Every structure is written in structure tokens, then in C-alpha cells.
Amino acid sequence: MTGLIERYRARLPVSADTPVVTLGEGSTPLLPAPRLGAELGVELYLKVEGANPTGSFKDRGMTLAVTKAVEEGSTAVICASTGNTSASAAAYAARAGLRCAVVVPEGRIALGKLAQAQASGARVVQIAGGFDEALTAVRALCERQPITLVNNLNPYRLEGQKTASFEICEELGDAPDWLCIPVGNGGNITAYWKGFEEALASGEARRPPALLACQARGAASLLRGPLDRPETVATAIRIGRPVRREEALDALSRSEGRAVALEDRQILDAFRRLPAAEGVFCEPASAASFAGLVQARADGTIPEGARVVCVLTGHGLKDPDTAIGEAERPRRCGATLAEIEQAVLAG
Ligand code: AN7
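Before going into details, it helps to say that this report is about the structure given with it. (Residues numbered from 1 in each chain as written. Predicted model: local features only at pLDDT ≥ 70, side-chain atom pairs only at ≥ 80, totals over all residues. Heavy atoms only, no water.)

**Here's the deal with the overall build of the protein**
Then comes step 1: Secondary structure summary: the protein contains 15 helices and 10 strands in total.
Then comes step 2: Computed over the C-alpha atoms, the radius of gyration of the protein is 20 Å, within 12% of the 20 Å expected from 2.2 N^0.38 for a compact globule of 347 residues.
Then comes step 3: Along the first, second and third principal axes, the C-alpha atoms of the protein reach 65 × 50 × 45 Å.
Then comes step 4: Summing over all exposed atoms, the protein offers an accessible surface of approximately 14,500 Å²; the carbon and sulfur share of this is 51%.
Then comes step 5: In the protein, the 38 positive side-chain charges and the 41 negative ones have mean positions that sit 3 Å from each other. (Helix = DSSP H or I, 4+ residues; strand = E, 2+ residues; numbered from the N terminus. Rg over C-alpha atoms; globule rule 2.2 N^0.38 Å. Areas by Shrake-Rupley, 256 points an atom, 1.4 Å probe, with all protein chains shown as cover. Lys, Arg positive; Asp, Glu negative; His and termini not counted. Charge placed at Lys NZ, Arg CZ, Asp CG, Glu CD.)

Here is the structure:
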């Protein structure tokens, strides 16, 4: 099992002596989605980042951030999180033997993510506030205490996350025409853009992709400017004041891309369609990338026949509550063959 630091060692800030902390992240499937692609009139691929060890793309950044923390002699890491960063930080810190604290918005983090952070033994602190308040506090705390910040302000996070672009270019032989990606704090879109620029420089891509930055309307910080009270069912991207907003906007303009703001209903429809049509179950924030594609096809932003990659950032099992809330109720019956047959077959 090769992690992404081994796979892309030459393009990452590590030396032969760096003590690599890995859970075998990266090398995720770039899955053709022929059924949904045909419905939308595009050549569609899904970058299935839920296949990472803790079930999200955060592991790409965390392997490097925790590796460098260990190399630099740190004994503790901390992050603010809408959930996935906390699950990833907790797991990599456990693997490295570091202490870990995570600060999350109370009641607004998906169940699976909370379970993961707790399972790995992190100190979980729930605050009466949102992600933005949590991040402000954690940044200040790191000035007072010898603790390493592993939010995406940590530059190693982006270095690790850029490798997803390398994988896409390698498999397609070029960048796609469009890359649809959910945006919260703006770290991942910044990292992807860096990766595509490096792939262009090394000749692995011939031209850059256009980026489609997908946000929920209630947290559409790119189109609406910083927001004090972000709100969306996609809790992972419920962020009002992204720290990498300027870089995300810069990537958008240089890629000749666009930002879209999606209603929660559009996100939930995409969340249902992906597993039903293609068998790929992702969390609501991740489905925003597909919802963005649907909208961009409807309004003509993305032309027919385009080669499109939707980045599915996190696994559907992260947020079982939303999945069950959106699903049809299971049929219930007695345990006899006749009753079960009726329940299985009746219309
Ligand atoms: C599934 O875990 O911010 O634009 O604290 O979990 O780089 O923030 C998560 C973000 C997209 C947005 N999809 O990425 C956190 C956190 C999923 C996510 C994003 C997140 P960024």
C-alpha cells in the first residue's frame, strides 16, 4: 500500500529522512459515470474522494500536515472543523502518536464524523457557534500554546491535496474541460488549481480546466461576499468567511471558471441521484459538485459534450441522518414467507 507522499515524493516538500505518517491515502477512483453523463450530455467522471482512509479528501492534506508536524518536533495538533478535518486529524494524529484536539460547531456536524474523531481519541470540543468562530479561536490558541494548526491555513495541507489533480491528469491524459468542486473554506479548490498549474508546467496537461465552484446559496461566500450566518443542509460547507476566499476567486478567474449558488433542494436531489444512478454514495456537500453541473448544463455554462470531473469530496456514510431523512421508509412486515414476499414484490 503506497500513500500519496510515496507516490508523489518528488513533488512534495519531503526529504529522504522525513518520517512519513500515512494511512494509505490517495489513488482514489476516477469513475466514469455513463448514465448520468448521458442524461446531461457530457462525458462525466466522478473523483471518489470518499475512498480515502477516513472517507474524505482531507486525508490527502493531513498525511503531509501531520508528517511535517512530527518532523518539526510537534507533539500536538488542533483544528476547527465542520467535521471531516476533525475526523482526519484525529486519525493521523493517532497514527503518529500525537495528541489531537478538534473544535466543532455543536449540533451541526454529521454523526459519522463526530464518531470518527471520538474513536481516534481526540479531545472533541463542541462550541456554541459555527465553523468561522471555531477557526478564529483555534488560530488564537495556537499563538498561545505549542500546538500545530492543521486547518488548511497550514500550507502542507494544500501541498498534499494538490495531488488529486495529478491523478486526474494522469488518468485522462490531460485536464478535463470542467472540474466541478464544492467550496467551503476555499482550500481544496486552491489546491486543485495549484496541482493543475504544476501538471501544465510538467507537460502532464495541455490546457487548464475551467473550475466550477459549487456552494450552497445560504453559504455562497464567493458570490455574495463573507457571511455572518451561513446556513445549509450540507454542513461540511456551512462556512461564511472562508480563509482562502481570495485565492479561490483568483483560481476561478484564471481558470475562466464560475461560481454557482445552489438551493439545498438542488443539493439534496443530486445527493439522491448519484447513488441511485451510479452506485456512488457521497455526502451532501460533495453532491453540490454534481448539483452545480446540473445547473451549469441547464444555463449553458458547460457545453454539450464537455469532459467533466465532479469531485465527490466525502463519503455518504459520514451523514447517515440526512441520507435516512431523504430516503423512502423501509417496508415493515411479519417474518413469514408470505408476508415478506408481499412486501418485496407489491407495487
Ligand atoms: C465533504 O472539515 O472545512 O473549500 O472543517 O468536508 O477546502 O473547505 C470541510 C470542507 C467540501 C470544502 N466537501 O472544502 C472541515 C471542512 C467536504 C468537506 C469541503 C469540505 P474547502
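Anyway, onward from the coordinates.
**Remarks on the pattern of salt bridges**
Then comes step 1: Counted according to the given criterion, the structure contains 30 salt bridges.
Then comes step 2: Between K194 and E159 there is a salt bridge, with its nearest N and O atoms 2.6 Å apart. Residue K194 is located in helix α9 (residues 187-201), and its partner E159 is located in helix α7 (residues 155-161); the two are separated by 35 residues in the primary sequence.
Then comes step 3: You can call K194 partly exposed: its relative accessible area is 31%.
Then comes step 4: Owing to a relative accessible area of 14%, E159 belongs among the buried residues under this scheme.
Then comes step 5: Notably, a salt bridge pairs D299 with R258, separated by 3.5 Å at the nearest N-O pair. Pair noted here: D299 is in the loop between α13 (284-298) and β10 (307-312) and R258 is in strand β9 (residues 258-262), with a separation of 41 residues, a long-range link.
Then comes step 6: The class for R258 is partly exposed, based on a relative accessible area of 33%.
Then comes step 7: Taken together, the shared-partner salt bridges connect R7, K47, E49, R60, E167 and E170 into one network. (Salt bridge = Lys/Arg side-chain N within 4 Å of Asp/Glu carboxyl O. Buried < 20%, exposed > 50% of the residue type's maximum accessible area, 1.4 Å probe, protein only.)

**Some remarks on the site of the ligand**
Then comes step 1: Taken together, 23 residues lie around the ligand, and N84, T85, N185, N188 and T313 are the ones closest in.
Then comes step 2: Here an oxygen atom of the ligand sits 2.8 Å away from a polar atom, N or O, in the main chain of G184.
Then comes step 3: Here G186 contributes a backbone N or O atom positioned 2.8 Å from an oxygen atom of the ligand.
Then comes step 4: Its free accessible area being 470 Å², the ligand has 99% of it covered by the protein chains.
Then comes step 5: Those elements that place two or more of their residues in the shell around the ligand are α4 (84-96) and α9.
Then comes step 6: For the shell around the ligand, the per-class residue count stands at seven nonpolar, 14 polar and two charged.
Then comes step 7: Each of domain 1 (4-55 + 156-326) and domain 2 (58-153) accounts for three or more of the residues forming the shell around the ligand. (Near = heavy atom within 4 Å. Polar contact = N/O pair within 3.5 Å; in protein donor to acceptor, adjacent residues only side chain to side chain. Nonpolar A, V, L, I, M, F, W, Y, C, P; charged D, E, K, R; others polar. Domains from an automatic or database assignment.)

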